[in-house]
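Chain by chain, the residues run as shown.
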Amino acid sequence: MAGEKIGFYGHVRQYHNLKDEIDHALHEVLESGTYVLGPQLKQFEEELARYAHQRHAVGVNSGTDALWLVFHAFGIGPGDEVITTSNTFFATAEAIWLVGATPVFVDIDPKTRNLDPSLLEAAISPHTKAIVPVHLYGQPADMRAVSAIAKKHNLRVIEDNAQALGARGADFTLGELSDAVCTSFIIQKNLGCFGDGGAVLTNDEALATALRRLRNHGSLKRSHHSLGFNSRLDEIHAATLRVKLRHLDAWSDARIRLARQYDGGLAGTSLQLPWTLPGYRNVFHLYVVETDERDSLQAYLDSRGITALTHYPIAIHQQESFPWGRPARIAGSLKHTERSAARVLSLPMYPELTEAEVNRVIEAIVAWDKTQAGKAQKVAR
Ligand SMILES: *Cc1c(COP(=O)(O)O)cnc(C)c1O
């Protein structure tokens, strides 16, 4: 039985679950007459900083702006290199290019799909200024290893945490071992507003002040200290995020529960399942399986009314026209990145998804997997 469709996102369900709280918060902003750089933003920044165990949070327009404004504030620019991964959303590298610097791509660990810290040292050159680990799909990168190498070579570490707010390592919190943490609040992220938003979390007061200026035309009060940009987190988004932040831990717990359900139901299949480092809190922004027959599985699920998407089917260095006339460097082979890009499939994963719906996805995959086993036997014979 096909039943209701199972979509990829639960945004409207989430809104309906919180409708009274959110409607009330939005109404309050609308009636206040203050829509930019007001009390909602100030309070959200305090609450977010406390949540993330960081001294400062600075709200900006997007996760992309969070990244490139930090690079800009640190004086990273033309001629400088920033080491990161090619297995990420485009904006990670785009932010490096936006300040005129050169992204340097190292390969991923095929199990965690985060950058492999054992490859970092060989990728460092006299031009290297920073490392940008991405906590992909909700699992922190190995920050102990990254920060040890960064310290040894005197490099900045800027965490791209667009996908893992609320996650932590076995013995570290995000931000504890870096200069800054950049996050995004676009709706599909684990903490999302009704539009674009982002923030930088840091213990570095000078950086926080620089960012507060940069997001507002170089100005804190009256005088313009420098040129800046227009990149603020609007009151309407801050008010929404204040409501939702109170639910984030419960939502992460729900994601982890659903991931366990997938793990159990899919254990006997041919799929490669997500692998979490021991002791890490992986908040499963996405639940990403891998198979050589990815396109077949995606089409099969679609025929059963289940939407599965690909994150990301084309690694950054494989994009058409890469690198668009800009500097870029590939450090060694990216074979694990390329293999993963060809195989990944993200299954529905959001806190509002029901156990019954996950069971339906599991049943569909198990049925598809049997047809694959039949095919493999025919080939073997
Ligand atoms: C979403 C995302 C970004 C960019 O965030 P926006 O708010 O969309 O600009 C950057 N890096 C990663 C890994 C992301 O997932």
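All of these numbers come straight from a predicted model, not from anything done at the bench. (Residues numbered from 1 in each chain as written. Predicted model: local features only at pLDDT ≥ 70, side-chain atom pairs only at ≥ 80, totals over all residues. Heavy atoms only, no water.)

1. Observations regarding the overall build of the chain
For the record, the criterion: Strands here are runs of E lasting at least two residues and helices are runs of H or I lasting at least four, both read from the DSSP assignment and numbered beginning at the N terminus. Here the term buried applies to any residue with accessible area under 20% of the maximum for its type, exposed to any over 50%, and partly exposed to those in between, with areas from a 1.4 Å probe on protein chains only. Each accessible area is a Shrake-Rupley estimate made with a 1.4 Å probe; only the visible protein chains count as cover when residues are assessed.
What the chain contains, in helices and strands, is 13 helices and ten strands. Taking the principal axes of the C-alpha coordinates as reference, the chain spans close to 75 × 55 × 40 Å. Taking all 381 residues of the chain together, the buried fraction comes to 54%. For the chain, the exposed area adds up to about 16700 Å²; of that, 52% sits on carbon and sulfur atoms.

2. Quick word on the pairing of strand β2 (residues 81-85)
Where we set the bar: Two strands are said to pair when DSSP picks up at least two bridges between them. When the strands point away from the viewer, a crossover counts as right-handed if the path from the first strand over the helix to the second runs clockwise.
With five of five residues buried, β2 is to be regarded as a mostly interior element. Residues Glu81, Ile83 and Thr85 point to one face of β2 and Val82 and Thr84 to the other, with burial holding for every one of them. The sheet contact formed by β2 and strand β3 (residues 102-106) spans five bridges and is parallel. Bridge assignment links isoleucine 83 to a residue of β3, and that residue is valine 104. Following the chain from β2 across helix α5 (residues 91-98) to the adjacent parallel β3, one finds a crossover that is right-handed. Sheet topology places β2 next to strand β4 (residues 128-131); three bridges connect them, and they run parallel. Its bridge partner lying in β4, glutamate 81 is registered against threonine 128.

3. Observations concerning the pattern of salt bridges
The criterion, for reference: When a carboxyl oxygen of Asp or Glu is within 4 Å of a side-chain nitrogen of Lys or Arg, the pair counts as a salt bridge.
Here the structure, examined in full by the defined rule, presents 17 salt bridges. For glutamate 81, the salt bridge identified is with arginine 329, shortest N-O distance 2.7 Å. Taken together, the positions of glutamate 81 in strand β2 and arginine 329 in strand β9 (residues 329-330) put the pair 248 residues apart, joining distant regions of the chain.

4. Digging into the sheet that holds strand β7 (residues 198-202)
Selection criterion: A contact between two residues is defined here by any heavy atoms of the two lying within 4.5 Å. Fitted lines through C-alpha atoms serve as axes, helices being fitted only where they are in contact, and the angles separating the N-to-C directions of these axes extend from 0 to 180 degrees.
The strand order across the open sheet built from eight strands is β1-β7-β6-β5-β4-β2-β3-β9, with neighbouring strands paired in mixed fashion. Each edge of the open sheet carries a strand with a single partner, namely β1 (56-60) and β9. Taken together, the four bridges between strand β6 (residues 180-184) and β7 define a ladder with antiparallel strand orientation. Across the sheet, residue serine 184 finds its bridge partner in β7, namely glycine 198. Taken strand by strand, helix α3 (residues 39-51) contacts β1 and β7, and its axis lies near 130 degrees from that of β1. Along the sheet, helix α7 (residues 143-152) contacts β4 and β5 (156-160); its crossing angle with β5, the most-contacted strand, is approximately 155 degrees.

5. With respect to the domain arrangement of the chain
Applied cut-off: Residue ranges for the domains originate in an automatic or database domain assignment. Note on definitions: buried area is the accessible-area loss of two parts on being combined, 1.4 Å probe, summed for both. Pairs of N or O atoms within 3.5 Å make up the polar contacts considered here, provided that, within protein, one atom can donate a hydrogen while the other can accept it, and that residues adjacent in sequence are counted only when both atoms are side-chain atoms.
What the domain assignment reports for the chain is domain 1 (11-245) and domain 2 (248-380). Every contact between the two is made by 49 residues of domain 1 and, on the other side, 47 residues of domain 2. For the domain 1 and domain 2 pair, buried surface summed over both sides reaches about 4200 Å², with 55% attributable to carbon and sulfur atoms. It is Trp97, Tyr137 and Asn190 in domain 1 that bury the most area against domain 2; as a group they hold 18% of the surface buried on that side. The interface formed by domain 1 and domain 2 holds three salt bridges in total. Seen at the junction of domain 1 and domain 2, the total is 31 residue pairs in polar contact (both at pLDDT 80 or more).

6. Regarding the packing of helix α2 (residues 19-32) against helix α9 (residues 235-245)
Where we set the bar: Throughout this description, any angle smaller than 35 degrees is read as roughly parallel, any larger than 145 degrees as roughly antiparallel, any in the 65 to 115 degree range as roughly perpendicular, and the remainder as oblique. Left-handed describes a crossing in which the near helix is turned anticlockwise from the far one by less than a right angle; the clockwise case is right-handed. Note on residue categories: nonpolar means Ala, Val, Leu, Ile, Met, Phe, Trp, Tyr, Cys or Pro, charged means Asp, Glu, Lys or Arg, and polar means any other residue, Gly included.
Running from N to C, α2 and α9 point in directions that differ by 150 degrees, and their axes come no closer than 9 Å. Considered as vectors, α2 and α9 are oriented roughly antiparallel to each other. In this structure, the crossing between α2 and α9 has a hand that is right-handed. Seen from α2, the contacting residues are Glu21, Ile22, Ala25, Leu26, Val29 and Leu30; seen from α9, they are Glu235, Ile236, Ala239, Thr240, Val243 and Lys244. The residue inventory of the contact of α2 with α9, partitioned by class, reads eight nonpolar, one polar and three charged.

7. Structural notes on a nonpolar patch on the surface
Defined as follows: For patches, a residue must show more than 30% relative accessible area and have no salt bridge; joins then use 9 Å for like charges and 5 Å for nonpolar side chains, namely Val, Leu, Ile, Met, Phe, Trp and Tyr.
Taken together, the side chains of Leu30, Tyr35, Val36 and Leu37 make up a nonpolar region of the molecular surface, amounting to roughly 350 Å² of accessible area. Inspection of the secondary structure puts leucine 37 in the loop between α2 and α3.

8. Looking at the site of the ligand
The cut-off we apply is this: We define proximity as follows: a residue is near a molecule or strand when any one of its heavy atoms falls within 4 Å of that partner.
Neighbouring the ligand are 15 residues; Gly63, Thr64, Asp160, Ser184 and Lys189 lie closest to it. The contact in question runs from an oxygen atom of the ligand to an N or O atom on the side chain of threonine 64, over 2.4 Å. In the environment of the ligand, a nitrogen atom lies 2.7 Å from a nitrogen or oxygen atom belonging to the side chain of aspartate 160. For the ligand, whose unbound accessible area comes to 380 Å², protein coverage reaches 94%. For the shell around the ligand, the secondary structure elements donating two or more residues are α4 (63-73) and α5.

9. Details of the packing of aromatic side chains
We count it as follows: Between rings of Phe, Tyr and Trp, where Trp is taken as its six-membered ring, a pair exists when centres lie within 6.5 Å; planes separated by under 30 degrees are stacked, by over 60 edge-to-face, and by other angles tilted.
In this structure the tally under the stated criterion is 13 aromatic pairs. Each ring, one from phenylalanine 44 and one from phenylalanine 185, has its centre 5.5 Å from the other, and the planes form 75 degrees; the classification is edge-to-face. Within this pair, whereas phenylalanine 44 is found in helix α3, its partner phenylalanine 185 is found in the loop between β6 and β7, the two being separated by 141 residues in sequence. On the basis of relative accessible area, phenylalanine 185 is assigned to the buried category, the value being 0%. Members of the aromatic cluster, connected to one another through ring pairs, are Phe90, Trp97, Phe105, Phe322 and Trp324.

10. A word on the pairing of strand β10 (residues 344-347)
Here β10 shows no split at all, with Val344 and Ser346 on one side and Leu345 and Leu347 on the other all buried. By the bridge criterion, four bridges tie strand β8 (residues 287-290) to β10 in an arrangement that is antiparallel. Of the residues in β10, the one forming a bridge with valine 289 is leucine 345.

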